[in-house]
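What follows is the residue order along each chain.
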Amino acid sequence: MKVGIIMGSQSDWPTMKAAAEVLDALDVEYETKIVSAHRTPDRLWDYGKTAVDRGLHVIIAGAGGAAHLPGMMASKTRVPVVGVPVQTKALSGVDSLYSIVQMPKGFPVATMAIGAAGAANAGLMAAGILALNDPELAQRLDQWRADLSASIPNEPSDD
Ligand code: RP5
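Residues numbered from 1 in each chain as written. Predicted model: local features only at pLDDT ≥ 70, side-chain atom pairs only at ≥ 80, totals over all residues.

A. Broad picture of the overall build of the chain. Helices and strands together make up the secondary structure of the chain, namely six helices and five strands. If you list the helices and strands of the chain from N to C, you get β-α-β-α-β-α-β-α-β-α-α. Against the globule reference of 15 Å for 159 residues, the chain gives a C-alpha radius of gyration of 16 Å, in line with a compact fold. Taking the principal axes of the C-alpha coordinates as reference, the chain spans close to 50 × 40 × 30 Å. For the chain, the share of sequence-separated contacts (at least 6 apart) that also reach a separation of at least 24 residues comes to 68%. (Helix = DSSP H or I, 4+ residues; strand = E, 2+ residues; numbered from the N terminus. Rg over C-alpha atoms; globule rule 2.2 N^0.38 Å. Contact = placed C-beta atoms within 7 Å.)

Take a look at the structure:
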């Protein structure tokens, strides 16, 4: 398995599912796990510690509120981490975004937009990284992008 989709809580899954759906559409295998920086720190540590040896190439990490999961994962493994700020009720996900995006120099997280669009883009980012060494996936991703472009009408309509 080259892609891991991890999230801080079951409540993040409706958002993170958008990453899984994109990977399904591109025929990319992935695993999904609940790994919480605060509630299951040992699970986070183990996941990060074994990520390279297990052959992970990209980790998509989504969390909301005090969203420390992506950053802590980036501190534990050199596998690229793509962070997804989950939209929160209290602060609309700006809290999640700020928690994920302001990493100190040395431990980057590629931070996506807040919510499902960000999760879908995280899936596309992961696919793009894998496609660098997988010509068949590259072809599928090119086709996916061309299909999306072709679906955009030239002019607006009232329908
Ligand atoms: C974070 O706290 C999770 O990523 C989630 O977005 C948020 C709330 O979690 P629950 O209280 O819904 O489990 O750790």
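Having put the structure on the table, let's press on.
B. The arrangement of the sheet that holds strand β1 (residues 3-7) in detail. Spatial ordering of the open sheet is given by β2-β1-β3-β4-β5, a layout of five strands whose pairing is parallel. The sheet is open, and its two borders are formed by β2 (30-34) and β5 (110-111), each paired with just one other strand. Helix α4 (residues 94-101) rests against β3 (58-64), β4 (81-86) and β5 of the sheet, and its axis sits at about 160° to β4. (Pairing = 2+ DSSP bridges. Axes fitted to C-alpha atoms, helices over the stretch in contact; angles between N-to-C directions.)

C. View of helix α5 (residues 116-131). With 16 residues, α5 should reach 22 Å at 1.5 Å per residue; the first-to-last C-alpha distance of 22 Å fits that figure. Those residues of α5 not exposed but buried are Gly118, Ala119, Ala120, Asn121, Ala122, Gly123, Leu124, Ala126 and Ala127. Those residues of α5 that are buried lie in contact with β1, α1 (13-25), β3, β4 and α6 (135-150). (Expected span 1.5 Å × (residues − 1). Buried ≥ 20, exposed ≤ 12 C-beta atoms within 10 Å, placed from the backbone.)

D. Geometry of the environment of Leu124. With respect to the helices and strands, Leu124 occurs in helix α5. It is 9.7 Å that separates the C-alpha atoms of Leu124 and Arg145, two residues lying 21 residues apart in sequence.

E. Inspection of the pairing of β3 at higher detail. Of all seven residues making up β3, seven are buried, and the element is well covered by its neighbours. The alternating pattern of β3 places Val58, Ile60, Gly62 and Gly64 and Ile59, Ala61 and Ala63 on opposite faces, both of which are buried. Bridge analysis of β1 against β3 gives five bridges, and the strand direction is parallel. Within β3, the position partnered with Val3 by the bridge is Val58. One ladder, built from six bridges, connects β3 with β4; its direction is parallel. When the sheet's bridge partners are listed, Ile60 is paired in β4 with Val82. For the handedness criterion, the β-α-β arrangement of β3, helix α3 (residues 69-76) and β4 is classed as right-handed. (Right-handed = clockwise from strand over helix to strand, strands pointing away.)

F. Quick look at α4. Of the residues making up α4, those classed as buried are Ser96, Leu97, Ser99 and Ile100. Summarising the axial view, the buried residues of α4 lie within an arc of 165°, below the 170-degree limit, and thus occupy one face. On its buried side, α4 packs onto β3, α3, β4 and β5. (Arc of directions from axis to C-beta.)

G. Local environment of the UniProt feature "domain: PurE" (unreviewed entry) in the chain. On the UniProt side, "domain: PurE" (unreviewed entry) is annotated at positions that read residues 1-152 here. Taken end to end, residues 1-152 is 47% helix and 16% strand, and its first and last C-alpha atoms sit 33 Å apart. (UniProt positions renumbered as here; feature names shortened; annotations may be inferred.)

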